[in-house]
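Each chain, letter by letter, is given below.
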Amino acid sequence: MTERFADRLADAVLEKGSALVVGLDPALDRLPDAVRGPTAERGTRREAADAIRRFNAGVIEEVAPYACAVKPQIAYYEAWGPPGLEAFEETIRLAHDAGLLVISDVKRGDIGSTATAYAAAHLLDERAGDAITVNPYLGSDSIRPFLDACETSGGGLFVLV
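So, here is what we can say about the structure in this document. (Residues numbered from 1 in each chain as written. Predicted model: local features only at pLDDT ≥ 70, side-chain atom pairs only at ≥ 80, totals over all residues. Heavy atoms only, no water.)

1. A closer look at the overall build of the protein
In terms of regular secondary structure, the protein is built from 7 helices and 5 strands. In terms of overall size, the protein behaves like a compact globule, its C-alpha atoms giving a radius of gyration of 16 Å where 161 residues would be expected to give roughly 15 Å. C-alpha atoms of the protein, sized along the principal axes, occupy 45 × 35 × 25 Å. Of all 161 residues assigned to the protein, the portion counted as buried reaches 42%. (Helix = DSSP H or I, 4+ residues; strand = E, 2+ residues; numbered from the N terminus. Rg over C-alpha atoms; globule rule 2.2 N^0.38 Å. Buried < 20%, exposed > 50% of the residue type's maximum accessible area, 1.4 Å probe, protein only.)

Right, dumping it as structure tokens:
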């Protein structure tokens with residue numbers, strides 16, 4: 001069985017001597033001009049995603065010695081369509097390569113069949129993070145698929161309350 005997220009998180013906190021989790025909410029208009037480049041006005045989706053990748057790579061490199069995890073907020077990536085989602089996956093890969101855990105801030109919660117698909121995408125896929133945020137407001141049926149996926153993957157859930 002895969003080691004549970006809570007155990008991996010506890011180990012990371014002990015190793016780093018820190019419980020620091022760094023949010024990665026790359027709003028394009030807030031990125032430094034040197035990173036943003038031509039996307040400042042009317043860049044393409046690809047240019048925006050590339051700027052986000054550059055920014056996240058720099059942040060991850062700087063925080064890796066101190067943080068135990070990063071928490072990318074998927075809305076900032078989805079806003080740029082498929083290239084943005086590629087940047088999201090690349091952010092997860094970069095963080096894992098740097099030895100960081102990833103809490104994907106996706107706040108998913110939907111009817112059972114849809115929740116099952118979200119759980120597969122965000123907890124069972126090999127490119128997924130280590131844990132996700134979920135929204136329980138549609139009841140236990142909206143959370144059960146995520147719990148099941150965590151049993152399989154060793155992933156974790158942060159439940160909105």
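What follows continues from the structure just given.
2. Quick look at the nonpolar core
The biggest cluster of nonpolar side chains holds 33 residues, and the ones touching the most others in it are V63, V70, L100 and F146. Ranked by residues supplied to this core, first place goes to helix α3 (residues 45–63) with 7 residues. Not counting residues within four places of it along the chain, the set of residues in contact with V63 comprises V22, V70 and L100. Within the second largest apolar cluster, 7 residues are counted, among which are A12, A69, L101 and I103. (Core = buried A, V, L, I, M, F, W, Y, C linked by side-chain atoms within 4.5 Å. Contact = heavy atoms within 4.5 Å.)

3. Brief notes about the packing of aromatic side chains
Counting across every chain of the model gives 2 aromatic pairs. Centre to centre, the rings of Y77 and F88 are 5.2 Å apart; their planes meet at 70°, and the pair counts as edge-to-face. Here Y77 is found in helix α4 (residues 75–78), whereas its partner F88 is found in helix α5 (residues 81–97), with 11 residues between them in sequence. Neither residue differs from the other here; Y77 and F88 are each classed as buried. (Phe/Tyr/Trp six-rings, centres within 6.5 Å; stacked < 30°, edge-to-face > 60°.)

4. Quick word on unusual backbone geometry
Phi is positive for K107, close to 45°, though the residue is something other than glycine. The topology assignment puts K107 in strand β3 (residues 101–108). The exposure class assigned to K107 is partly exposed, which follows from its relative accessible area of 37%.

5. Remarks on the sheet that holds β3
Pairing is parallel across the open sheet formed by 5 strands, whose spatial order is β1-β2-β3-β4-β5. For this open sheet the edge positions go to β1 (21–24) and β5 (156–159), each flanked by a neighbour on one side alone. Pairwise comparison of adjacent strand axes, ignoring direction, gives a mean angle of 25° for this sheet. Sheet analysis places strand β2 (residues 69–72) next to β3, joined by 2 bridges and oriented parallel. By the bridge assignment for β3, A69 is matched with L101. Each of β3, β4 (131–134) and β5 is contacted by helix α1 (residues 5–16), which is oriented at about 135° to β3, the strand it contacts most. This element, α3, spans β1 and β2 of the sheet and lies at about 175° to β1. (Pairing = 2+ DSSP bridges. Axes fitted to C-alpha atoms, helices over the stretch in contact; angles between N-to-C directions.)

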